[in-house]
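Fold and contact review
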Amino acid sequence: MKVLVTVKEVAEVADDFEIEGTEVGERYLEYDLNEWDDYAVEEAVQLKEDGPADEVVSVTIGPERADETIRMALAKGADRAVRVWDDALEGVDLLDVETKTNLLAAVVEEEEPDLVLTGVQAGDDAFGATGVSLADEIGFQWGAVVNALDFDADEGVASVHRELEGGVEELTDIDVPAVLTIQTGINEPRYASLRGIRQAQSKEIAPKTLADIGLDADAVESDLTMTSMYEPESESDAEIFEGDASETAGKLAEVLREKGVAQ
Amino acid sequence: MTDVLAITEHRRGDLRDVSYEVITAGRQLADESGGDLHLAVISGNATGFADDLNREGVDYVHTVSEGEEFNHDVYTQAIEALHAELDPEVVLMPNSVNGLDYAPAVANRLDLPLATDAVGIEYGDSLTVTREMYGSKVETTVEVGGDQQAVTIRGAEWSAAEGVGDAEISEFEADIDTDTGSRVTGFEEVGGGDVDISDAEFLISIGRGIEEEENLPLIEDLVEATDATLSSSRPIVDNGWLPKNRQVGQSGKVVTPDVYLAIGISGAVQHVAGMKGSDTIIAINTDPNAPIFDIADYGIVGDLFEVVPELIEQFE
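Every value quoted in this text rests on a predicted model; they were computed, and no experiment measured them.

Describing helix H1 (residues 35–50) of chain A
In this model H1(A) runs 23 Å from its N-terminal to its C-terminal C-alpha over 16 residues, within 8% of the 22 Å that 1.5 Å per residue would give. Residues of H1(A) that are buried: Trp36(A), Asp37(A), Asp38(A), Tyr39(A), Ala40(A), Val41(A), Glu42(A), Glu43(A), Ala44(A), Val45(A) and Leu47(A).

Let's talk about the interface of chain A and chain B
Of the residues lining the interface, 82 residues belong to chain A; the matching set on chain B comes to 81 residues. Interface of chain A and chain B: buried area, both sides summed, is about 7,100 Å²; carbon and sulfur atoms make up 53% of it. On the surface where chain A and chain B come into contact, there are nine salt bridges. For Lys244(B), the salt bridge is made with Glu163(A), and the minimal N-O distance between the two is 2.8 Å. Inspection of the chain A/chain B interface yields 42 residue pairs in polar contact (both at pLDDT 80 or more). Top contributing element to the side of chain A that touches chain B by residue count: helix H7 (residues 245–258) of chain A, with ten residues.

Some points on the environment of Ile7(B)
Residue and element names in this part refer to chain B. Tracing the sequence through the fold places Ile-7 in strand S1 (residues 4–7). According to the relative accessible area criterion, Ile-7 is buried, its value standing at 0%. Between the C-alpha atoms of Ile-7 and Gly-26, which are 19 residues apart in sequence, the distance is 9.7 Å. Apart from residues no more than four positions distant in its own chain, Ile-7 is found in contact with Val-22, Ala-40, Ile-42, Tyr-75, Ile-79, Val-91, Leu-92, Met-93, Pro-94 and Tyr-102.

Some words on the sheet that holds strand S11 (residues 149–153) of chain B
All names here are of chain B. An order of S7-S11-S6-S1-S4-S5-S12 is seen for the seven strands of this open sheet, with the pairing classed as parallel. At either margin of the open sheet sits one strand with a lone partner, and together these are strand S7 (114–118) and strand S12 (168–171). Going across the sheet, the axis of each strand differs from the next one's by a mean of 20°, ignoring polarity. Pairing of strand S4 (residues 37–42) with strand S5 (residues 60–64) involves five bridges; the strand directions are parallel. Its bridge partner being in S5, Ala-40 is matched across the sheet by His-62. Taken strand by strand, helix H2 (residues 46–53) contacts S4, S5 and S12, and its axis lies near 165° from that of S5.

A few points about the sheet that holds strand S9 (residues 127–133) of chain B
Adjacent strands of a sheet form backbone hydrogen bonds with each other and so pair up, either parallel or antiparallel. Strand order in this open sheet of four strands is S14(A)-S10(B)-S9(B)-S8(B), and the pairing throughout is antiparallel. With partners counted over all chains shown, the strands left at the sheet margins are strand S14 (224–230) of chain A together with strand S8 (120–123) of chain B, one partner each. Mean inter-strand twist for the sheet, computed between neighbouring axes without regard to direction, equals 25°. As judged from the seven bridges shared by S9(B) and strand S10 (residues 138–144) of chain B, these two strands associate in the antiparallel manner. Paired with Met133(B) across the bridge in S10(B) is Val138(B). Where helix H1 (residues 18–33) of chain B meets the sheet, its contacts fall on S8 and S9 of chain B, and the angle it forms with S8(B) comes to roughly 20°.

Some remarks on the confidence of the model for chain B
Summary statistics for chain B give a mean pLDDT of 95 and a share of 99% for residues scoring 70 or more. Predicted as a complex, the structure gets a pTM of 0.95 and an ipTM equal to 0.95.

Here's the deal with the packing of aromatic side chains
All names here are of chain B. Throughout the structure, instances matching the rule amount to four aromatic pairs over all chains. When the centroid spacing of 4.8 Å and the interplanar angle of 65° are considered together, the rings of Phe-70 and Tyr-75 count as edge-to-face. We classify Phe-70 as buried; its relative accessible area is 5%. Judged by its relative accessible area of 2%, Tyr-75 falls in the buried class.

Here's the deal with the pattern of salt bridges
Inspection of the entire model under this criterion finds 35 salt bridges over all chains. A salt bridge links Glu49(A) to Arg190(A); its shortest N-O distance comes to 2.7 Å. Here Glu49(A) is found in helix H1, whereas its partner Arg190(A) is found in the loop between strand S12 (178–182) and helix H6 (194–201), with 141 residues between them in sequence. Overall, Glu49(A) belongs to the exposed group, its relative accessible area being 51%. Residue Arg11(B) is joined to Glu165(A) by a salt bridge in which the shortest nitrogen-to-oxygen separation is 2.6 Å. A residue pair is termed interchain when its members come from two chains, as with Arg11(B) in strand S2 (residues 10–11) and Glu165(A) in the loop between strand S10 (157–163) and strand S11 (168–175). Overall, the relative accessible area of 11% leaves Arg11(B) in the buried class. Looking at Glu165(A), the relative accessible area reads 10%, which means it is buried. Residues joined in a network through salt bridges with shared partners are Lys2(A), Glu55(A), Arg80(A) and Glu111(A).

Description of the environment of Lys48(A)
All names here are of chain A. By secondary structure assignment, the location of Lys-48 is in helix H1. The spatial distance from the C-alpha of Lys-48 to the C-alpha of Ala-78 is 9.2 Å, given a sequence separation of 30 residues. Every residue in contact with Lys-48, bar those within four places of it in the chain, is listed here: Ala-53, Asp-54, Val-56 and Asp-79.

A short note on the packing of helix H4 (residues 97–111) of chain A against helix H5 (residues 130–138) of chain A
All names here are of chain A. The interhelical angle for the contact between H4 and H5, taken along N-to-C directions, is 55°, at an axis separation of 9 Å. For the element pair H4 / H5, the angle class is oblique. In the crossing of H4 with H5, the sense of the turn from one axis to the other is right-handed. For the pair H4 and H5, contact is made by Val-97, Lys-100, Thr-101, Leu-104, Ala-105 and Val-108 and by Thr-130, Ser-133, Leu-134, Glu-137 and Ile-138, respectively.

Calculation notes
- Residues numbered from 1 in each chain as written.
- Chains lettered and ligands numbered in written order.
- Predicted model: local features only at pLDDT ≥ 70, side-chain atom pairs only at ≥ 80, totals over all residues.
- Heavy atoms only, no water.
- Helix = DSSP H or I, 4+ residues; strand = E, 2+ residues; numbered from the N terminus.
- Expected span 1.5 Å × (residues − 1).
- Buried < 20%, exposed > 50% of the residue type's maximum accessible area, 1.4 Å probe, protein only.
- Contact = heavy atoms within 4.5 Å.
- Buried area = accessible area lost by both parts, 1.4 Å probe.
- Salt bridge = Lys/Arg side-chain N within 4 Å of Asp/Glu carboxyl O.
- Polar contact = N/O pair within 3.5 Å; in protein donor to acceptor, adjacent residues only side chain to side chain.
- Pairing = 2+ DSSP bridges.
- Axes fitted to C-alpha atoms, helices over the stretch in contact; angles between N-to-C directions.
- pLDDT = per-residue confidence, 0-100.
- Phe/Tyr/Trp six-rings, centres within 6.5 Å; stacked < 30°, edge-to-face > 60°.
- Parallel < 35°, antiparallel > 145°, perpendicular 65-115°, else oblique.
- Left-handed = near helix turned anticlockwise from the far one by under 90°.

Structure follows, in structure tokens:
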């Protein structure tokens, strides 16, 4: 069985930052592997270690800089990687779900995986939709917000828990081929070992343009246009205790005593 | 005329709050565009839910009886059929866990541009959606093009529709293939354990800010000194530092203590959903812009590793 795991390099914004037009200034951004994808990579690698999977391929949409992120997936045990990028994507400030679906569907067509794992959402644009959209596009079954996975290779069934709201989990059997969107907490993502990091250097990251995967510029035309970005107005009317740690702790203790919850 | 089709949600026999919220959001859009608000309730006791969904502002309620519990294949097919029949400009769906399990498929199948997790919507010359990015640090407005669109809305951002309406209620017959590739086999309550945090009067709750598991004993000392109950935000449970029954938030427990002391918790919307009903909210965080301060009554902008030991001293 081949598992394709999608990963994204996401931008994290510093505590203090400035907005320039419809973007956060580049100097306030730090790039990292999307948190949810880290769990998806771990789940894929465990499927290989436990037997059902023969190969784990990681795919990302991103410029050359994203190689750094995808190497983390390789260092953690993915066998090889595909990175899709094209000049046509350079100027797009918001990659919509449809575009990501088109690009990933083309990669699925080439790779023919049995199982696709994605993170539930990306920490930056937080659409939370690409996995399920992709599943529908490629005719796979799917399950969203999966926080437990038991894979039966003989039956070709993924028994999953879907984490609903309010401390309830839904138990669902899903036929493969399938796309599962992975929730944090499903496993404990490993740290990349030094050996893994060294090995990742020699693993293949295949760069692909739109033409390489059989698409043209129409595939990345977006119906979504970001028209403004701003910092939400603070609605805080909290009383902030001033002073050093000892003073602020003293005032807090006073409040706790007043409220009658601590003596 | 611009019609809106809003999809409701139910689970294990009960309509969920977001069902009434999509009515409010849908009515607002329909008013702005001069169209009708169609509501759909799919599976379960669909016809039984229809009366309760007939609230002020709803023009039509369509019930689809196929299916017992939520199944994304049934929902996707039902909405596809409703869309073909009603031809609405906008399909509104909840940005819930189940919403995320069918809305993207609906948008893809109907070739509709999709904007998820909307916290604001506006219909002027075109549809504009307000969304958050970077963990609520920024808000963006996004113009959604195309003639027809799909939008999912964040829960609790719109008020619940009230009053009794005079909607036309009808059964919608859709040709649905129920022999699907995914089957719900049951539900499970998570947590259990020895402590029910939803009963506590004083919760001390920790988040990412405590950095390492090695720092947990410091907080436990404070919990002991103040006779509080320990709870946490999601990352602490994801890391396995505390069991699932201690998690406060959308996917954890909803709590309403007299005092909620949030230590090193930034206040992501999913967490706030679980604790905003607390009587008094106190936050300790190094980032003065952390969203937790928006809902806090008292706050300390400072390093928890300096404040907590001082606080322990106050109660020893």
